[in-house]
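So the chains spell out like this:
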Amino acid sequence: MFVELNCAAIPEDYIESELFGYRHGAIPGGPQEKRGMFERADGGTLFLDEVGDMSLKTQAKVLRALDEQRFLPVGASHPVHVDVRVIAATNKDLEEEIAKGNFREDLFYRLNVIPFYVPPLRDRKEDIPLLLRVFLSEFGRQYGRPRVEIADEAVKLLQRYHWPGNVRELRNVVERVLILNPKVSTIERRHLPALVYREPAKDGAKPARAEEFATLLEAREAYERDYILKKLDECRGNVSRTAEALGMERSHLYGR
């Protein structure tokens, strides 16, 4: 059994019941009882994603459950014994979080038995072509376009970008390109958003372009595409609100 929980996605008021479950009457209006993630993973593995986002209160209870291999569900009078292997992941520097008082040192050492460090995408750009194939396949199936390719020139440009948003940013870029170019079978350099032409700022200077566009039309289209995407982000993906913010008809925005 493999059970996973994104600790950052669960509100603080509910994460305890998600982890340890509850018994009859503990949650007004809820089910009679609920098995928590620890209990569901009994005999298997529990994956705690974004463990660095747990509150100190929850961290203390997780530490006790790991040490004793038992816990008390909310509203229960008897503990539940489990045999669970725990894998934890975070994008935070937990040693730095410990120094700030945001993460328990004892829980860190309890979890840090066999650590794995995954470097940021900017330090392993040789992975970008493989990730592109994975994301193109994923979104191709999702949007009914299973055979979209990407040109070598576009791949090289993506490998020059510094990816401050890591793999998630690359994934979002692939999805955006497919959405905004619904009839394209091969993604070319001109289809990429303007942000990938920029280099990271140095010494407070403004970001510079990696290379110039071939024509003024290409530059204008790229910046217009980037501007629309930024507005779409600001409106949390709501197309109607984005169209209103841009002063465009919804159908026109879909076309753009």
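Remember, predicted model here, so these are calculated numbers, not experimental data.

Reading the values: rules and limits
Residues numbered from 1 in each chain as written. Predicted model: local features only at pLDDT ≥ 70, side-chain atom pairs only at ≥ 80, totals over all residues. Heavy atoms only, no water. Pairing = 2+ DSSP bridges. Helix = DSSP H or I, 4+ residues; strand = E, 2+ residues; numbered from the N terminus. Axes fitted to C-alpha atoms, helices over the stretch in contact; angles between N-to-C directions. Salt bridge = Lys/Arg side-chain N within 4 Å of Asp/Glu carboxyl O. Buried < 20%, exposed > 50% of the residue type's maximum accessible area, 1.4 Å probe, protein only.

All right, on to the sheet that holds strand 1 (residues 2-6) then. As summarised here, the arrangement of the 3 strands in space is 1-4-7, forming an open sheet in which the pairing is parallel. The outermost strands of the open sheet, each flanked by one partner alone, are strand 1 and strand 7 (85-88). Averaged over all pairs of adjacent strands, the angle between strand axes in this sheet comes to 20°, irrespective of strand direction. Looking at chain direction, strand 1 and strand 4 (residues 45-49) are connected through 5 bridges and run parallel. Bridge assignment links Asn 6 to a residue of strand 4, and that residue is Asp 49.

In the structure shown here, the tally under the stated rule is 12 salt bridges. Of the charged contacts in the structure, one is a salt bridge between Arg 64 and Glu 68, with a shortest N-O distance of 3.4 Å. Residue Arg 64 and its partner Glu 68 are both found in helix 3 (residues 56-68); the two are separated by 4 residues, about one turn of the helix. Here Arg 64 falls in the exposed class, since its relative accessible area comes to 53%. According to the relative accessible area criterion, Glu 68 is partly exposed, its value standing at 35%. Of the charged contacts, one joins Glu 138 and Arg 171 as a salt bridge, the two residues approaching to 2.4 Å between their closest N and O atoms. A residue pair is termed long-range when its members are at least 10 positions apart, and Glu 138 in helix 6 (residues 128-142) and Arg 171 in helix 8 (residues 166-180) qualify at 33 residues. Since its relative accessible area comes to 25%, Glu 138 is described here as partly exposed.

What is shown is where atoms sit, not what they do.
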